[in-house]
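# Report on the structure
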Amino acid sequence: NAGVTQTPKFQVLKTGQSMTLQCAQDMNHNSMYWYRQDPGMGLRLIYYSASEGTTDKGEVPNGYNVSRLNKREFSLRLESAAPSQTSVYFCASSDSASGTQYFGPGTRLLVL
Amino acid sequence: QKEVEQDPGPLSVPEGAIVSLNCTYSNSAFQYFMWYRQYSRKGPELLMYTYSSGNKEDGRFTAQVDKSSKYISLFIRDSQPSDSATYLCAMSAPTSGGYNKLIFGAGTRLAVHP
């Protein structure tokens with residue numbers, strides 16, 4: 001049972017480049033989330049998808065877009081990367097009854 | 001004021017010590033209370049979650065919730081070097097958007113030295 005998987009593990013981008021972070025879960029969860037984690041800032045919600053076919057903004061959505069491809073997959077896209085988007089990105093999925101979220105291993109992104 | 005406050009530490013204890021990690025919160029709508037453990041360069045891993053006030057035990061870990069005081073704790077008995085990690089509290093409340101909003105504390109860094 002893989003749980004939540006994320007690709008890539010690490011990426012270096014130049015300012016202005018675009019990329020898509022991929023996330024998949026095999027727990028049949030309805031809800032999926034994208035967070036960023038920065039030193040001193042904790043985990044901040046970027047976007048979430050309460051169920052297949054819906055997406056909504058979280059706390060820090062500017063500069064990002066998401067796609068809920070199907071129930072398993074939720075991708076995060078940076079259209080024009082900026083140094084301020086250097087961070088560790090985590091995808092999570094949840095059991096809707098308790099809101100308990102299960103996290104992937106993260107993607108470390110460095111924007112130069 | 002943040003919805004969830006957690007002392008960032010760091011906390012350094014000798015092996016075998018009892019560790020107490022704490023969070024306070026201000027939102028009475030929070031229903032579920034969780035503790036996550038995050039090792040360096042890894043994703044947060046769910047340790048325990050509780051719904052009601054009181055204690056819940058799992059091995060060396062005990063989660064305590066006091067809703068009247070808006071205070072939660074995680075106790076680690078007989079701490080081991082392998083417990084060295086950052087511990088994040090988290091709390092969830094239902095939203096009109098159809099999902100449970102999860103709010104995290106900033107995390108407490110724990111180091112258990114032999």
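Here the structure is a predicted model, which means the values were calculated and not measured.

The subject of this paragraph is the pairing of strand S9 (residues 87-94) of chain A. Residues and elements named next belong to chain A. For S9, the buried fraction is high: eight of the eight residues fall into the buried class. Burial along S9 is two-sided: Ser 87, Tyr 89, Cys 91 and Ser 93 facing one way and Val 88, Phe 90, Ala 92 and Ser 94 facing the other are all buried. In this sheet, S9 lies alongside strand S4 (residues 31-38) in antiparallel orientation, the contact comprising seven bridges. Following the sheet pairing, Tyr 35 is matched in S9 by Phe 90. As defined by bridge partners, S9 adjoins strand S11 (residues 107-111) across three bridges and the pair is classed as antiparallel. The residue bridging Tyr 89 from the neighbouring strand is Thr 107, located in S11.

Under the definition given, this model contains 12 aromatic pairs over all chains. Their ring planes at 50° and their centres at 4.9 Å tell us that Tyr 32 of chain B and Tyr 51 of chain B sit as a pair that is tilted. One end of the pair, Tyr 32 of chain B, is in strand S4 (residues 32-38); the other, Tyr 51 of chain B, is in the loop between strand S5 (45-50) and strand S6 (54-58), and 19 residues separate them in sequence. What makes Tyr 32 of chain B buried here is its relative accessible area of 16%. When its relative accessible area of 45% is taken as the criterion, Tyr 51 of chain B is described as partly exposed. Clustering of aromatic rings is evident, with ring pairs tying together Tyr 33, Tyr 35, Phe 90 and Phe 103 of chain A together with Tyr 36 and Phe 104 of chain B. Here Lys 56 of chain B stacks its cationic end above the ring of Tyr 49 of chain B, 5.0 Å away from the centre of that ring. Its guanidinium or amino end placed over the ring of Tyr 51 of chain B, Lys 67 of chain B lies 5.0 Å from that ring's centre, counting from NZ or CZ.

It is worth spelling out the interface of chain B and chain A at this point. Residue-level contacts link 17 residues of chain B with 20 residues of chain A. At the boundary of chain B with chain A, the tally comes to two residue pairs in polar contact (both at pLDDT 80 or more). Going through the elements one at a time, S4, S5 and strand S10 (100-104) of chain B are the ones with two or more residues in the side of chain B that touches chain A. No other element matches S4 of chain B, which puts four residues into the side of chain B that touches chain A. Tallied by class, residues from the side of chain B that touches chain A come to nine nonpolar, six polar and two charged.

A full pass over the atoms with the stated rule returns two disulfides over all chains. Across the disulfide, Cys 23 of chain A is cross-linked to Cys 91 of chain A (sulfur-sulfur distance 1.8 Å). Disulfide Cys 23 of chain A-Cys 91 of chain A: torsion about the S-S bond near -70°, hence left-handed. Placement of Cys 23 of chain A in strand S3 (residues 19-25) and of Cys 91 of chain A in strand S9 is noted, with a sequence separation of 68 residues between them. A single burial state applies to Cys 23 of chain A and to Cys 91 of chain A, both of which are buried. Residue pairing for Cys 23 of chain B: its cysteine sulfur links by disulfide to Cys 89 of chain B, the two sulfurs lying 2.0 Å apart. When the S-S torsion is -100°, as for the bridge of Cys 23 of chain B with Cys 89 of chain B, the disulfide is left-handed. In this pair, Cys 23 of chain B sits in strand S3 (residues 19-25) while Cys 89 of chain B sits in strand S9 (residues 85-94), placing the two residues 66 residues apart along the sequence. According to the relative accessible area criterion, Cys 23 of chain B is buried, its value standing at 1%. A residue is classified by how much of its surface remains accessible, and Cys 89 of chain B, at 0% relative accessible area, is buried.

What counts and how
- Counting from 1, residues in each chain are numbered in the order their sequence is written.
- Here the convention is simple: chains get letters from A, ligands get numbers from 1, in the order in which they are written.
- Local features are withheld for residues below a pLDDT of 70 in this predicted model, meaning they are given only at 70 or higher, and side-chain atom pairs are given and counted only at 80 or more; totals for whole chains, interfaces and linings count all residues.
- Only hydrogens and water are removed before side-chain values are computed, so all heavy atoms of the structure are retained for them.
- Relative accessibility decides the category of a residue: with a 1.4 Å probe and only protein chains considered, values under 20% of the type maximum give buried, values over 50% give exposed, and everything between is partly exposed.
- To qualify as a helix, a DSSP run of H or I must reach at least 4 residues; to qualify as a strand, a run of E must reach at least 2; elements of each kind are numbered from the N terminus.
- In this scheme, strands are said to pair when DSSP sees at least two bridges between them.
- Side-chain rings of Phe, Tyr and Trp, where Trp is taken by its six-membered ring, are said to pair if the distance between their centres is within 6.5 Å; with planes under 30 degrees apart they count as stacked, over 60 as edge-to-face, and otherwise as tilted.
- We call a charge positioned over a ring when the NZ of a Lys or the CZ of an Arg lies within 6 Å of the ring centre and within 35 degrees of the ring normal.
- Contact between two residues is taken to exist if any of their heavy atoms lie within 4.5 Å; hydrogens are not considered.
- Two N or O atoms form a polar contact when they lie within 3.5 Å of each other; inside protein one atom must be a possible hydrogen donor and the other a possible acceptor, and for residues adjacent in sequence the pair counts only when both atoms belong to side chains.
- Residues are grouped as follows: Ala, Val, Leu, Ile, Met, Phe, Trp, Tyr, Cys and Pro are nonpolar; Asp, Glu, Lys and Arg are charged; every other residue, Gly included, is polar.
- For the purposes of this analysis, a disulfide is any pair of cysteine sulfur atoms at a distance within 2.5 Å.

The quantities given are spatial measurements derived from coordinates; they are silent on function.
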